Amino acid sequence: MGLAPLTRPLGQTPQTDLDRFHLIPLSSCPILGGDKAGGLPSGVVFTGRSFEAASENSLSCCGRYNFNNSLHQGVAGMVDDGSLIFAVNSWVSGRRCTVMGAFDPFGKPVAPTKPQQDLLAKYFPTTERPIVLDTKAKSDIGFRTNGANPNVGVYVGNKTIIFDVHARLGDDSKRYLEGGATVTTDFDGKVTGQAYTLTAKDGNASLGGGYERKGTQTIESVNATWDKWSLAGKRSRDGANKDRQLDLSFRASERVTIKASWRPDVKPPSTPPRMTSYSFDKPPVVPNYSQYMVTFEIRLP
């Protein structure tokens, strides 16, 4: 049976939130039967119109539905920039799950911002670790667990599926061990790319490394820091081509850094580059073929 929802935000909601968040009235209905009845999956659908919604009227928004010892709630609304944000809260077999998402003014799925997530969470009790619509790049969209450890995400892009996992051991910001893995496959399950990172930190010292492979290209990196010193190394390979670089840095002050670099695979071309015309507004970038360099970096206030 359907139940009238309570849509007033929990606690005291600032009036500025109500001004910039225009609720959409929702109604809910069950879809039952699965593949054996019309080919539709079982679940709950929230529908509605974007006018006549009032946050102080509990019957004008936030669809709610009870079925077979499960409860499903939904809230959706427009924000001042024309985007639509929504959340669905479900209790099934004594467990609660919250899913949040957003669409930009052009109808493209996007990741909701943290203020938008906080705003949605005011309209009904949500789980502490909701599943949030997320993107890793402009060409993919998916969901990730928010605030969980490990943090897991699944994204679908242009003929690709991306699996992303990040975990951290230790709650102290000065002493921890964390790692991450990202694996990209095509729709047939063939691995097309992979990346792994691992970092350990203990006080002023840290040590980390990474490995990335995409097609025939591989990139390996390592970095270490101790007090004001840092060491970073990187090696990339693509067939017979390789590129190595080693940087040693010293932070003399908060604004001054001295760095020495070694690039053994950098070689000047056999013929000098041709000079092209340029304007003073956009001078050409002069290529640097030095294998040894010392640079000074000064950050202006």
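Given the structure is predicted, the values throughout are model-derived calculations rather than measurements. (Residues numbered from 1 in each chain as written. Predicted model: local features only at pLDDT ≥ 70, side-chain atom pairs only at ≥ 80, totals over all residues. Heavy atoms only, no water.)

So, about the overall build of the chain. A count of helices and strands for the chain gives two helices and 20 strands. The 301 residues of the chain split such that 27% are buried. In the chain, once contacts between residues fewer than 6 apart in sequence are set aside, the share between residues at least 24 apart is 35%. Element-wise, carbon and sulfur atoms account for 57% of the exposed surface of the chain, whose accessible area totals about 20000 Å². (Helix = DSSP H or I, 4+ residues; strand = E, 2+ residues; numbered from the N terminus. Buried < 20%, exposed > 50% of the residue type's maximum accessible area, 1.4 Å probe, protein only. Contact = heavy atoms within 4.5 Å. Areas by Shrake-Rupley, 256 points an atom, 1.4 Å probe, with all protein chains shown as cover.)

Bringing the pairing of strand β12 (residues 160–172) into the picture now. Where strand β11 (residues 151–156) lies against β12, six bridges are found, and the strand directions are antiparallel. Paired with G153 across the two strands is D164, which belongs to β12. Hairpin geometry of β11 and β12 is characterised by an intervening segment of three residues between the two adjacent antiparallel strands and by a positive phi of about 60° at K159. As defined by bridge partners, β12 adjoins strand β13 (residues 175–186) across 11 bridges and the pair is classed as antiparallel. Across the sheet, D172 pairs through a bridge with R175, a residue of β13. Here β12 hands over to β13 after two residues, the two strands then running antiparallel side by side. (Pairing = 2+ DSSP bridges.)

Another aspect to go through is the nonpolar core. Counting residues in hydrophobic clusters, the biggest one holds 12 residues: F21, L23, V75, V79, I85, A87, M100, A102, L119, L120, Y123 and F124. Excluding anything up to four places from it in sequence, I85 contacts F21, V75, A76, G77, V79, G101, A102, Q116, L119 and L120. (Core = buried A, V, L, I, M, F, W, Y, C linked by side-chain atoms within 4.5 Å.)

Roughly 230 Å³ of volume is contained in the largest pocket. As for the largest pocket, its lining consists of T160, I162, T182, T184, T192, G193, Q194, A195, E212, R213 and K214. Taken together, the elements giving at least two residues each to the lining of the largest pocket come down to β12, β13, β14 (191–202) and β15 (205–214). No other element matches β14, which puts four residues into the lining of the largest pocket. Its residues placed into classes, the lining of the largest pocket shows two nonpolar, six polar and three charged. (1 Å grid on protein atoms, 1.4 Å probe; cavity = no way out; pocket = protein on both sides within 12 Å on 5 of 7 lines; lining within 4 Å. Points joined across faces, edges and corners; volume = space filled by probe spheres on them. Nonpolar A, V, L, I, M, F, W, Y, C, P; charged D, E, K, R; others polar.)

Taken as a whole and judged by the stated rule, the model has six salt bridges. Linking R235 and E220 is a salt bridge whose minimum nitrogen-to-oxygen distance equals 2.6 Å. Of this pair, R235 sits in strand β17 (residues 229–238) while E220 is found in strand β16 (residues 217–226), placing the two residues 15 residues apart along the sequence. Judged by its relative accessible area of 34%, R235 is partly exposed. Notably, a salt bridge pairs R244 with D265, separated by 2.9 Å at the nearest N-O pair. Of the two residues, R244 is situated in strand β18 (residues 241–251) and D265 in the loop between β19 (256–262) and β20 (292–298); the sequence distance between them amounts to 21 residues. (Salt bridge = Lys/Arg side-chain N within 4 Å of Asp/Glu carboxyl O.)

Tracing the chain through its elements places N151 in strand β11. With relative accessibility at 17%, the residue N151 sits in the buried group. When near neighbours in sequence (up to four residues on either side) are disregarded, N151 contacts R144, T145, N146, D164, V165 and H166.

A few words now on the packing of aromatic side chains. Two numbers describe a pair of aromatic rings. These are the distance of the centres and the angle of the planes. The full count for this structure, using the stated rule, is two aromatic pairs. Ring centres of W229 and F250 lie 4.7 Å apart, and the angle between their planes is 45°; on these two criteria the pair is classed as tilted. Placement of the pair is W229 in strand β17 and F250 in strand β18, with a sequence separation of 21 residues. Its relative accessible area of 42% is what places W229 among the partly exposed residues. Accessibility expressed as a relative area gives 27% for F250, which makes it partly exposed. (Phe/Tyr/Trp six-rings, centres within 6.5 Å; stacked < 30°, edge-to-face > 60°.)

Before going further, it helps to examine the environment of I161. Tracing the backbone through its elements, the reader meets I161 in strand β12. Once the C-alpha coordinates of I161 and T185 are considered, the two residues, 24 residues apart in sequence, prove to be 5.3 Å apart.

There is a patch of nonpolar side chains on the surface, built from W226, W229, L231, L246, L248, W262 and Y292 and spanning about 780 Å² of accessible area. At the level of elements, β17 and β18 are the ones that each hand at least two residues to the nonpolar patch. Of note, L248 is situated in strand β18. Judged by relative accessible area, L248 falls into the partly exposed class, the value being 40%. (Patch = residues over 30% accessible without salt bridge, like charges linked within 9 Å, V, L, I, M, F, W, Y side chains within 5 Å.)

For the rest of this paragraph, the subject is the side chain of S249. Relative to the assigned elements, S249 resides in strand β18. Since its relative accessible area comes to 13%, S249 is described here as buried. Among all residues touching S249, those that are not within four sequence positions of it are K228, W229, S230, T257, I258 and K259.

So far we have only geometry, and geometry alone does not tell us how the molecule works.
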